[in-house]
Structures are given as C-alpha cells and as structure tokens.
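Below are the chains, spelled out letter by letter.
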Amino acid sequence: MAGVWQHPFVNVFKHVQLDEWKRSSREGDVTALMDRSLKCTVYKIRGSVPAGNYIQIPKSSSQSLGLSGRHLYVLFRPLPGKHFVVHVDVSAEDGQSIRISFSNLFKEFKSTATWLQFPFVCGAVKGSVYDSTAQSARHGLVGPAPSGSRWTCLLLDLHYILSIYLSRRYSHLRSVKLCANLLVKNLVTSDLIFNPEVTFTEARKSKTLQNGVAPMPREMAFPVPKGEKWHDRYDFIRFPTDASKLPYDSIQKGESSSTAPGAPPFRSPVREHPRSVTISKPVQDRVSLIQQITTPKPLPHCTPLRADSIPERYLSVCGKREEDTERESTTGEEDDGGIHVYAHRGRELAIHRHQADSEKVVCTTSHRPATFSAEPEGKKLLPDPILKLRKIIGFGGCTERCALWTRTGCSVVYPCHAVIVVMNVESGEQRFFLGHTDKVSSLAFNGSCSLLASAQTGTLSMVRLWDFEKHGCLAMFKTHAHSVSCLSFSHSGSVLCGVGKDGHGKNMVVVWNTSQASRGGEVVVLAKAHTDVDIQTMKIAFFDDTRMVSCGRDNVRLWRVRSGALRSCPVNLGEYHNLEFTDLAFEVGHSPERELEERTLYVCSRSGHILEIDYKNVALRNVRRLQPTPAQHGERQEKMTFNSGPGIAINSLCISSTYCATGSEDGYLRLWPLDFSGVFLEAEHEGPVSCVSVSPEGLRVLSCTTSGELGVLDVPSRGYQTLMRSHTDSLLAFSTHPSYPQLATVSSDHTIRIWDMASLQQLYDFTANEETPCTVAFHPARQALACGFSSGVVRFFDVAATSLQAEHKQHRGAIIGLLFSPDGGLMYSACSAGSLALYSIGHREQHVVRVLGNVVSKNSEQGPRALSLSKDGRLLAFVGPTEYAVTVMDGRSLDELLRVDVSILDLDSTKLDCALGVTFSPLRPHHLLVSTSGNKILWLDPTTGRLTKEVTHVHKEYCSSVAVSEDNRYLVTAGDRILKVWDHSLAGNSRPQVFIGHSEPIQQAEFSSDQQRVITAGDAIFIWDFDAAPDAGTPDISSAGCLPFVRQSSTLGRLPLALHSGADCADPRRDSTFISSGMPRGTAPRPCISSPPRLDVSPVQRAEQTESEDEDEDEDLGKVLHEESKVEEVDVQDLPESDGQSSLIIIESRPSRTRGGINRSQGEDLHPDPPRPDVYSHFSPRFKTSCSAKAVCHPPAGQEKLVLRAVIGYNGNGRGNMVWSPDTGFFAYTCGCVIVVEDLHSGSQRHWFGHPEEISTLALTHDALILASSSGSGDGSSLCQIRVWDTQDGSCIKTLQLHRTEVQTMSFSRDDRLLLTVGDYRDGSLALWSTRTYEMLASSKLCHPVHAAIFNPLHADTFACVGSRTVNFWRVEENGTSSQMKVYRAAVPDEVGSAELTSLTYNTTSLLYTGCSTGQVCVWDAQTHRCFMTWEADQGEIGALLCRGNRLVSGSNTRRIRLWSVAAVQELRERGSEASSSSVLMEQEMTLDGAIVSATFDEALEMGIVGTTAGTLWYINWVENTSIRLISGHRNKVTDLVVGVGESHCATCGEDGSVRVWSLHSCELLLQFQVLNQSCLCLDWSPHPASGQRIAAGYSDGTIRFFSVSRTEMEMKIHPHPCAVTAVAFSLTGDVLLSGGKDGLMAVSSPRTGMTIRILSDHKGSSISTVQFSRRKPEELGHQEGEIWLAASLDRRVSIWASDWAKDKCELLDWLSFPAPDSEEDAESPVPTLAAFCPWQPGTVVYTGFGREKEALFYSLAQKQVLLRIPLSHFATSLSMSPAASLLVAGSGERLLRVIDSSAGTQQDFSAHDDCVHLCRVSPSGNLLFTASYNQVLVWDVQNS
C-alpha cells in the first residue's frame, strides 16, 4: 500500500516544493517566469554549458524520489537554436541504478549496462522550412531546436525502456536532472496514459476514452484556444510506442499519416469532395498494376548470400553477362529492358521492369491524345549505357572517418554517400564502386589491398565484399540489424570483423570467414557477440587473424575467436578508465628476436591522453597527454606533455615506422616522433580532423575533416593538396555557366559554392548563417550569378570581382525559381508565397520591371526549377496560380497568354492530377513538358494549350526534374533516387535506361551547355558522360531569335523610376549574411603548415561605379518604352504649356492578394542613399543608437504591475503627426512610438501601442472612424509599419508594409475609399491602397523626393503631390480588378526658380495652392495643370498650407502662422499669368515657439490646432486672436526628473537648459525656468516644508541655481564646481545640498547662504552618476544620529557616508568597488553606474552597472557581502525602487522597462519607448512611476497590490 498515495499521478515539482529549493537544487542561469502561451509559471534554464546550468531533483544524488509510476511525463519546450540535456536516473528491481538521457546533442543512440542515450529530434511549427525539411529527410534532424519549437508533452515508458533495451525490470524513479537550454512546466509520474486532447471536464460531459487512457489532469493541461486543436499547437511524444514507424533509437514526434518523402503536395481542399464514381477499365488495370508493384513479396529464409546468386550491373559494363541472362530466362522473367541497376527498398534485391517506362508516339487526327506505353519487343536505347559516371563532387555523407590508401599509394579510397570513390592523387581521375542502396558507413582493405569491404547504414545494413582490382562485387551479406559503424579486415583477407547494432540497440560484434569469397564460395559467420560496452573503433591484429582490439567510452578490450565463440577481456586502465577512447593502432615493424605478439598498442582519447599498452602482457605501459602548442617565438615550438592544462581532443591516430600522425578536434593534423617529445609538422584545417592515414611508403598523410574536406600532406616538401571538398548537407540546386567550366551549388548547409568542373576543386564559397540558399542561376553573359534565399531575398554576385552587386527583396517566401533570359538582360524569380518578379539586369543598375502576387502555386516542393523559359526568351511558364494549373506568360512583360488546367486532361482518371514542374523543349515548335503527381509527363502546345503527347508511369514516385537535350531527342528524368534517359526519335519503340547512385532524392538534373554531360544533384554532385551526340541535321539553336538585351542606356532605364527596383545593395555593415561580412573567398582555403595564418576575409566592398547623370531628366521622362515596360505615353497636344517637358504616364499594377501588398521596395539601394532634401518639412527620424530587444517578457493580461497613465510631450520631429476632427472631437497626436488619443474636454488620455519606432505621420478619414499611422524601419532590418486603427475601440485593424525607410505623408480620398502613402527621399515610392480590403492597388517609384501629397476634395480619384521643381497631378482609374494611375508632371514657373515645393492644399473649386521653400505660394488650375499666380507669403519655408473657402492658412519655419484672404484668386483664374498678387491680403499673424509641422482647422478656418518643432501643440482662435498651449513637452533630451513634496507636482530638466514644473493631476506645464546656452543636467526638490517649493538644478557650466516655485523666480546661483554638475541631492532636512561633478569631486553646500562647506575628492577622476540619501532612520543602519548617504561614479565604485551636519561630521563608512568585464572595454562605457538604498530592506544597497554579468546586486552594509543577485536581460541604464512594495524598476538601452518583484521572483517587461530608457523615478509614495527616453516622458500607475 506504500504506492497508493502516488495514484493517479504525482506532481513532482509540487511534491518537492520546487519554488522553495529545499528538496531540490539549481545551478547557473535558472529563473522562474510567466509563460504567455501556457498562462502559468515555468522555469527557464539556459546557458552555454548544459552541465553548468540545471535543476536537480532531489537535491543530493544520494537521495531518491522513490516514485514508482511507470510513466514519466516531461512538459517542456526546447529553447530555439540551443541544445538541451535531460538525465533520468531509475532503479531496477535488482538495485542497479540506470541513467536514461535524451538530448538533441546526441547524434546517435548509445547504450551501456548503466546508461541509455537517446537522440531527441525537436519538432517545428507546421509548414516552416525546418518542418518541410524534416518531412523530406530520411532520418530525423538531430541538432539545435528550430525557431518556433513547441511545448511538448513527452511520455517515457520507463518499464518498457528498461525491459527492451537492458532486459531489466523497472522499480522506481530516483532523480531527474534538467539541463540547459529549455523551458519546463512540470514533471509527473503515473501508471496511467493521459490523453492530452481531453480534459477532466470534457471527459465527464461526453467523451469516452480507451481502456487504460485517462483525461489530462488540470495540472498537466496546456490551454487550447477555442476553435483550435491541441496537436496544432503542441507536440505529444510517447516513447517507445509499438505503433511508431520511426527509428526506435531516437525520440521524435510521429506522424498520424505517413507520406512518402518528397511526395507531391496536398491538393486544394475545394477539390477533394467525397463522391461515388464508376471505375473504368483503364483505371482498374492501373490499380491492378500498382498493387502488383507495391505488394511485398515473401522473403525467403536465407543464409549469408553468395555473389553468384545476385545479378549485378555497373555503369561501366555495356552488356549483360551470360550467366545473368540465363538466370533471368530460367526464372521466367522477361528482358530487363535496358535497366542497368535497380535496388528494391525491401530486403530482397532484384531487377524490376515496368512496361510503361517508355512512350509510343501514334500519328492520329484525334484531338484527344492517346496514352503511350512501352511494348515488350521495343528497341533498346543505344548506345548502351548512354550515361557513364565520370566525376563526383562530394565526400562522406554518413561518416567522415573512412579514407584508405591503396597498396601503391597512388590513389585513395573514400565513401561519398552510397558510392565508393577511388581517386588518383596526382591526376584526380576517379573510378567508382556502385551497388550500395544507402550511405556507406565503413570501409576496410586487407593487407594486400586486393579485397575491399564496405558497409552501408540504415535498416538494410548490407556488407559488400569487392575484388578491388577487377572492380567486381564478390559477395554481399547481412547479419546486423542496422547501423554498421566499423569494419576491419585481417591482413590475409580471410577474416572480416564488423561492429553494429542488434535488434535491441546493443552493440553486436560479428566475425566472418571470407577466405572462400574470392573463389565464389560463401561468407560464413565465425562468431558473434552482443555487448553493452561502447565500441568506437575495432581492428583485427595484423599478426593474428583471430585476435581483435576495440576501444570506446571507458574501455579498451582485447578480443579473440576460439572454438566458434568470440570472447573479450578488458585492459586494466587504472585511473584512466573513465576516458573516452576514440582510435587505436598497433606498433609497425618488428624485430626477429621478439615474438609477434610483443607489440605496443597505442590508444588515443578525447582528453588528449595517448595510452601505450603492452599487448602481450595486457598491461598499461605508459600514458602521455598531448597539449596544444603555445604561441610560437621561433622556428619550432615543442609540445609539452603531462601538463595540467586541457589536452588535445584526438579523434584519430595512425602509426608509421618513424612517426605518429594524429587528427584532433581543434582542426590540426600533427606529426609526432614515436616518443611524442614534440610536434615536427602540423597543418590546420577548417573543421575537426576526423581521420588520418599514413601512406604505405610513409611520406604522405591523408586527412579527413567533419567539414567535408579530404586532403594529403606531403611530409618531405611540407606541401598540402586538397583532393576533395564537399557540402555538409543535402544539395538543393545547381547552375552551370554556359561559357566557363564552372558549377555553382547551394545546399542546406547554408553555403553557396562554385566549383571548377575540370579539376573538381572549389573556387569560391559564400556562407549565409541565418538563411538557407534555395536556388542559384549563372548569368549567361557575365561571370556573375544570382541566388535566392529562404528569406525571400535574391542577391546578385559578381564572381570575378567577388562583390555583392544587388539585393532584391520583392518576395516574402522562400525563392523556388530563379533564371535569366538567354541574353542576360532580364531575370525572373518566384517564391513559395506565390509572387513572381521580373527584373531588368544592366551592367551598372538593376530595376524591377514588374512584380505579380498570387500567380505562382504556393508550394515549396517545386524548387529549385519552378520557372521555365523558352529558348528564345519569349515565353515563361510555371505552375500556378494553383497546383492544378500551368500558366504561360510573355517573357518580356509578364502578360498572361495561356492557362491550362492539367487536372482535367486525363478523362479516364478518377482523381485530380496536379502539376509539379514545367520545362520547355529547346527547338521550335516549342513544347511545354509538364510533370504531374500522377507520374506522367504531358506535352502541351504553349500557344493553344492542346495536349499533344502523354507519357505515363515515368517513375514509381513523382518526377522531381526533367531535362531535354538541345536537339529535342533525349529526355532525362529524375525521380526519387533514380535517373532515366529516354529517346524520342524512336517514338514508342524504345525503353528508357535507368541509372542509380544517389542515396537521397535527386533535386535537379540538367544537360551541360555543350551537351556532352548530364549533371545531377541530390546528396552529391554527379557528372555523367553523355555518349549520344546530337544528329548532324539538328538546326542551330543559337540562331533562334532572342529578346534584345535591355541596356542601361535603353529607354527602360529612363522611366520616372516608376518601376525602379529596390534591388540596390544594402549597406555592407548591415549585411551579416555572408562569411565575416559577406565576401566570397577568392580561393578555397588550404590547411597551413606549422602555425598557419588565419584567413582574413574583408567586408563587402562596393564596386566603384561612375554613372553619368542625364542633363535633362524631364526630357528623358518622355522617352518611355512602350512594349517591354508596359508604361504608356500619351501626348497632350491641346496644352501648349507642355512643350515636350511633360508627359502622361500610365503605370499598371496587378491587384495583390497578400497581406500588405506587393513587397516591391524592400531592398536597399546599391548606391548610397541620396542626400536629404534641404527642407525642414521632409521628415528625418531622430538618430538613435539603441535597438529594440529581441526577447520580451510581457506580463499576463490583467496582472500588469504598471498601467500607463499619461504621456507628457508631443513629438515635434514628426510631420503631420496630429489630427483633429472638429465634428466628432476626435483628437490624436504622437509622442515617440505611442499614439495619444486625448479628450479635449476632460484631458483624459488613451494610448495605442504597436509601432516599434518613432511615428512619422498620421492620417484620419473624413468621418473620423479610421486612423492611419506610420513608423519607420529603424535600423533597416524590416519594412515600415503602416497601422490602421479603429478610432472607436482603439483596435488595430490592419498592418500594411511596403516602404523601405520612412513614410513622409499619407492621405485619404474624399470618399475614404482610398489611402495614399508616400515614402521619404530614401524610399522614393508611392502606393495606393484600398480601404475596403487594405490591398495595394498600385505602386510606383518616383523620380524625386515628394514632400507632401493630398487628394482632391472634389474628385475622389485624383490627387497631387509636390517635390523637387515639379507638381504631379495623378488620376486613378479602376478597370475591374486592376487599377491604373495616370500622372501629369507640370513644371514650376520661372518665378520659383530652383526652390523645392514643400506643401500643398486644394480648395473647393479645383484650385491647388503649393508652398515653396523660399516662402512663395503658387496657385494652380488643377483642371488645366497650369500655374497662374504666385506671391511671397513668408520669408522662410512654408511647411503647412490649409484652404477653406476663401481663406488660406500658411505656417513656416519662421515660427509664424498667417491667415490670408484669397477671395479674389478665383476671379483672377481666367486671367492666367497676368494675375497679380496684390489682391491676396494677409488678415492675421501669430508667432509660436517653433517651426510649424502640423496643422488642422475647422471648416470656417476660425479655430484649429497647430504643432511645432518645439514639441508644443497650440490651440489657435483667429476670431479672438489667441493662442493657448494644449500640449507641451521638451524639445531636447530630458536629463532628470524629481517629484515634489505632496506629489502634486513634478519637475523636469533638459539639455535645452530648461526646468519645467508640471501638474501631476492634469500633466500640464505650469512653470518654466530657462537658462540660455547651458544644459541642465540634474535637479532635486527640497524636502523641507519651511523652504517652500524650492528646486535646485545643476548645469553644464558648473553652477547650481535655486528656483522658487511659489514665487516663480530664481533665488540664488552658486558655482561650487569647475565643470558640469552631474548629480545634486538635498539632505533629508533640507539644510545641506550635496552635488557631484563630472571630475568626480563632490561639494557640500548650504542652500541658505550658498557657501561651499566641504569638498570631497574620493571619487576624483570619474564622473559622479548618483548621489542619494537614505530615508531610513540612522538607528536602523547602526548609527545613533545623522544621515546616511551614498555616491556612485562611472568607474563602478560606490561610497557610503555617515554625516551629521550640525556637528560638521562626514565620514566614509564603506567603499564598494565592482569588477570590470574581462574584455578590454573603454572605461567611459555608455552603461552608467547606478546605486540606491533598498527601501524595503534596511542597510542594503542595490547596485547595477557595466560588469561581467548583467545583474542587480543587493549588498548588505552590515554583513559586508552580496545577499542577492537578480539577473537582467540587458545592462540597466536607469534604476528606481518602490517604497510601497518590493518592486525594482530598471530601464535598458534596448528600450525596455523591466519591473522585478523581488519577493515573488517575477519579472515583467514593458515596451512603450522608442529609445533608451535613461530615466526611472518612483514617487515617494510608490504609487507613480516616471520614465523617460530622450524627450518622451511617461507616467505610470504602479499596482502595488
């Protein structure tokens, strides 16, 4: 009955009371936080070293939990990009303690008698790149957790694990250790299996559960929002599970329905309706055929196989062997049809044929094409074989620890995935051993190198024995269940030893007798043994075939075969038994006087130890520990052994007669004398050296690295030769250059590599650390290439100049298609989000010609060739807009020409067929080849869409790539791992040839440009010789007409940048995509001898570009390309004013279906940003050095510790960032990144959050129901945000993104149906949005910066914008679903000259008023587009214009706002240029406190609100001629804030020298003291009631001024410091003022007399940052009387003082000095030193500053030690504490405000600032919090309850 209390479950965290840490322990960075998704407290464990950051339950390893529940539930979430480890210690019934560990650090399953290690595969968000990669991978992806990793409920069946893996019975759970990096909610033990989808409440109501399955308890449940499913948000993993088809030795999430890897995508749901059908005869035959193919055959029980029983074919063999033919005929099988090799996926190897593997062309007049199938008597495809494998670029795949020398030392043998490669070291020639169906995991030679043994990994762990000289397979056999990891041949070749895994995951050692294999005999098992010991390497002794040696973790063992049994004994290693041994080697050479067994055995380890073992006596003879070489000061530096420092982690070792070679984890190949006295030669590699091998003559050393490099070190010459490099992950795409013998590849290992196809050497490599390159294309005419990435970016590289030339950011999904036109003038790209882009590629500039959304099928499986272009470049084809349709477009304009629905072409099929890829045939008439999910290839006429031919059963699975030869005769198709070649000249009478070799699905197959080779890519790059030369009568393809090259000087480049690309290069300092900062390496790096220099990669340097500017851009504007650019010019002949200077342009844009419109201008410019226009009205964001935090801990809803009460200030840096509706009273303005909606009657505020940066402008609809706001892109890492708000409830309706930098202006049309947005001078784009769907209707690039734009109040479809020297009149025309914009560009009159047009406004009679930078106002007739009048309205730039009826308001940078009467202007309209300005009268004028940046008035223009650059909003009343401040704020940075006595007022000071006093009730400015030409840096409010309302302020000139608030005057000025005053503080009585200066001196002054009483110089030399008095009584701090105060300086020092001013006593009590960071940082760090007395803990000082750790320290003055350390996510820039609760508030340079409840241990982050939060002040009562970032001041209510 002892376990009754554990039923039904035990909450482990609650059981041990984890939050008290009494029965559990923690180490490192372990914090409790509130998880937003789970809505509960979880524990976050993080750190770079998992073993140093963990939670241990129970506290001591000697204790035991004693929980007997069979199942352990772990509720956790891996941290993205990190590794984690979990250890579970259990006890078996025999008392044995066993550790079960799972981690994503483990690469493979390992087991010993006391330890099981399981790899854990982290799940990803469904549909993500990681998820799609995991779905297509054959094995789980073990590694760091992906971004978007989900909360997981892991169920470990402890009883089952111990029973299956160790044959023990489970007793109870002892302990659990959770190591970084993960979030964990809970641990639960139970005998029940819980269903996570069903809660107790749901189970009670209706749901029934299976027997033994219970609903999920509340303490374990994950919240699921309504309408969603549990499994859509979380992962549930049960391990082990009988139903799982996943590898049993890894922990990962299973799939409910298995899909074949790389299978075609799911169909659209609208097409999948269940229906009853009548199956026709062809379909019945097809289903029958599929059943025959897929039905598994019974597997006969067989002993190890012999070679003569298996028909083999190799690519170099042109015909069949006679014995193969006889054997096939006797078994009743037909002719193989030219299939050379096919390996079945099951356990039986056979040769299969499909009668439908070719086509039959029938001449028919029927419009319905026939389905072609092969005939058994069809002709063979000649030559046979048509492909011969010539070269492979690649190395490794499954292992990088296998590389062998041949007997002569001329060649090396190594695996490349499923192929064994023999490479000649001198010539580089390759030959191949083909036959393995999975990746080769081990190789072994016999002593004479006449026999080669190889093993493959996977479930079909086949071992093959080869005759190396004759290149034939002698035998293949299988004994291990899976994962053969090591092979060793005896010297005679009679015995072969192998190590693998058995069915229970234990190591299994098998010894075979291979003596009869070379004579056709069987391979017989001599002995085998199952063991729990770890085996890394095992070798047969070369002097005795029956003896073996193995090493592994914690053991070195000697083995022997005797009497059919395999037995072993361990070597007594003494104190070295806990090492991890990695490799071993026997001593070479022998003396005649010694016995053969008298050998020294060398064993190496990961700790750097080399053990010398006496093999005969089984005794440890000597131990050495190798150390890395110190910095060299001479020609040679010897290694030191037996050092106490860290050793070299040795992965491999090889012994020759004169020296020893070692390969280590630090990337070095080292050569040592046999006494290991010192290194005499070493070579550094890019990655860890995994294997070393000395050549037979001992003069060369072969090395392999885990980074895919294979090389040879020549010892006499000290030269190094790189034999092969390789991608370390699957290949995704490649491209060949038509003129250079170069091949470019992209891979999942985040690299782009360029190879020389002749030498197979790597020429360049690029690395993108944070994004995956998806597709690549060489430019046909230049040595340049384009690459598409998973982020949607397309980058253009100049390979010859090794520079990044352009970056295009038009796409939002991964790039799945990328190609150039035949002449290279155009480039096309498509992404998985459905968009298609056309670019004009010039030598100096690149333009985006057109971007279309939702035209390409949204399917990432189409890559890398989702697009296809006809040979003449006139037709572009792709799959889309759905997977069932194929679209053909005009290759020069992207106009749609044809759309074919392929799902209805097969009339006999009962299921819908979807298209997977398209390819054009090279010769005219062009045909479009479409591969479908039904394993067919359709031949379509691209002009009519008619189906002309159909080939069925192309592959057993779907066809991933199709390529056509230049003469249209041969067709190459790739499907899964199979390559097929078809001949169409023998239509219907030939069968294809089939070739294997790839171990992974083939991603791409192409003919080379000279048609002499076929290149395939999947796991590696295969280059095949194509032995079928084109016919002599084949016409010359190069004579076909091509699209003319669009050069930079062409008219396409002379558009008004209406469709200009954002394809210009980004700032190289911002681009961290590539190695170091991005440049490709000119040559592949080679390992260096001795101490090699590090590869220095310079940052991206922009190529020097000199462009001649057009002298007359207006004239160039009229030259518009008609056909290619789809921009149409319309002459306006009835306007004499145009005279060739103006044009009417139509810019067409397809409607977008994406969330925020077509992403047309994301890319940054290749050239530097244009200069900012010299006008104040153009918005320029304030420069900031801070950046937003990446990780924010937002509080749960309703539990916020802070609530924003009020915002003090208005952003005078914005433009048009204030709106007011006189009819509804809606009033809003911006302050930083916050929108403030204020009630003008009550003064109450509402605050809208969401913008990450400073808001530039606002726009309000005419009915005041919708507000649009825009914020900038900050550091350029993202697009601008345009947020659309509902003014009724303050909710954000939509977020629009298009503009790259800032939005200058926005405007709604008169009917509120359209929204116009215009970017700033750097962005240069204009966009039109529909307010009904918020889709972008049209967009355009602009020639010149636009400063203002507004809709015509009379016509909702017309608007105007002004900029440099022109006025643009636009008209919007909507035709169905498309929109067009017409623009007329009118030149300014001569009177204006070169001035900028900066503002504009319409009146109700189609008159347009524009303001100029010179103070002039121009009046335009909007109907005739002519200016008929100008007058000088001001002496400065006019930034605001408003017209209502016959009145006009102008505001300028002269701080004046003027009211004009323009009643006579309408009468002068007919007089044209003769109109006089004397009829325009100025009625009134007001002068405000800054330049006018925003203005809005009522319809009568009698009253309104005006904003200025001084941060003030004024209420203007023209009738009463009054101006009243509505909103006030600081113009410059706020430097300090203090709350007055009684908390009714507060005071702020700023860099502008002002001291301002505010009312806390209304947040209105009451009083301002201004000192000119000085900055006020600090201030304090006198606490003494008798002194009245008195403020002391310190200034930059060293003076302190005392201001009386009650008398509104300055009372006194003193000068105690020679430099700036940085801190001031009144004593508690107000009798003394303490002040600190920038020089570190502190002055004690009398506020009554102004005298300086004392100078303290203890902090001299470092600026004082803080001076504070303790509000605690002296008795609480251990003093009888006086006051306690502290001072802190920027050198991280804090002094504590005790003072009694009446007794003239001031003594130093304590001196605190905190360490600086380890790195050499500048002492003047931007992080301040902050210190304060803790209000809730007497005698404690809280400190934070620039140190080794980001933390806040609680230091006890009495105990002289740190009591508490609170970790911070960022360095604090401000600090304050609440006296009413245990709350600590810290601001950071990452714009975060963090509130830490020290008593509850919780943290909450608030992000309402757009810059560094440099000021935090809690009011004395603790009810209010004041924070400031630059000039923005926020007032928060503190929730102390």
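Data block above holds the structure.
For clarity, every value in this text was computed on a predicted model and none was experimentally measured.

Definitions and limits used
- Residues numbered from 1 in each chain as written.
- Predicted model: local features only at pLDDT ≥ 70, side-chain atom pairs only at ≥ 80, totals over all residues.
- Heavy atoms only, no water.
- Helix = DSSP H or I, 4+ residues; strand = E, 2+ residues; numbered from the N terminus.
- Buried < 20%, exposed > 50% of the residue type's maximum accessible area, 1.4 Å probe, protein only.
- Polar contact = N/O pair within 3.5 Å; in protein donor to acceptor, adjacent residues only side chain to side chain.
- Contact = heavy atoms within 4.5 Å.
- Salt bridge = Lys/Arg side-chain N within 4 Å of Asp/Glu carboxyl O.
- Pairing = 2+ DSSP bridges.

A. The side chain of S821, seen in detail. In this fold, S821 is placed in the loop between β54 (815-820) and β55 (826-831). Classification of S821 as buried rests on a relative accessible area of 1%. In terms of polar contacts, S821 uses its side chain to reach the side chain of D823, at 2.8 Å. Within the structure, the side chain of S821 is placed 3.3 Å from the backbone nitrogen of G825, a separation counted as a polar contact. Residues in contact with S821, not counting those within four places in the same chain, are P780, L826, Y828 and L869.

B. Examining the pattern of salt bridges more closely. Applying the stated criterion to the full structure yields 60 salt bridges. As a salt-bridge pair, R1817 and D1536 come within 2.9 Å of each other at their nearest N and O atoms. With a gap of 281 residues between them, R1817 in strand β129 (residues 1815-1818) and D1536 in strand β105 (residues 1534-1539) connect regions that are remote in the sequence. By relative accessible area, which is 30% here, R1817 ends up partly exposed. For D1536, a relative accessible area of 8% translates into the label buried. A single salt-bridge network, built from bridges that share partners, covers R553, E580, R606 and E665.

C. Focus on the pairing of β55. With six of its six residues buried, β55 lies for the most part within the structure. Neither face of β55 is left uncovered, since the one carrying L826, Y828 and A830 and the one carrying M827, S829 and C831 both have all their residues buried. As paired elements, β54 and β55 share five bridges and run antiparallel to each other. Its bridge partner lying in β55, F820 is registered against M827. The antiparallel pairing of β54 with β55 creates a hairpin that spans five residues between the two strands, and G824 there sits at a positive phi of about 80°. Counted between consecutive antiparallel strands, the loop separating β55 from strand β56 (residues 836-841) contains four residues, among which G834 sits at a positive phi close to 100°.

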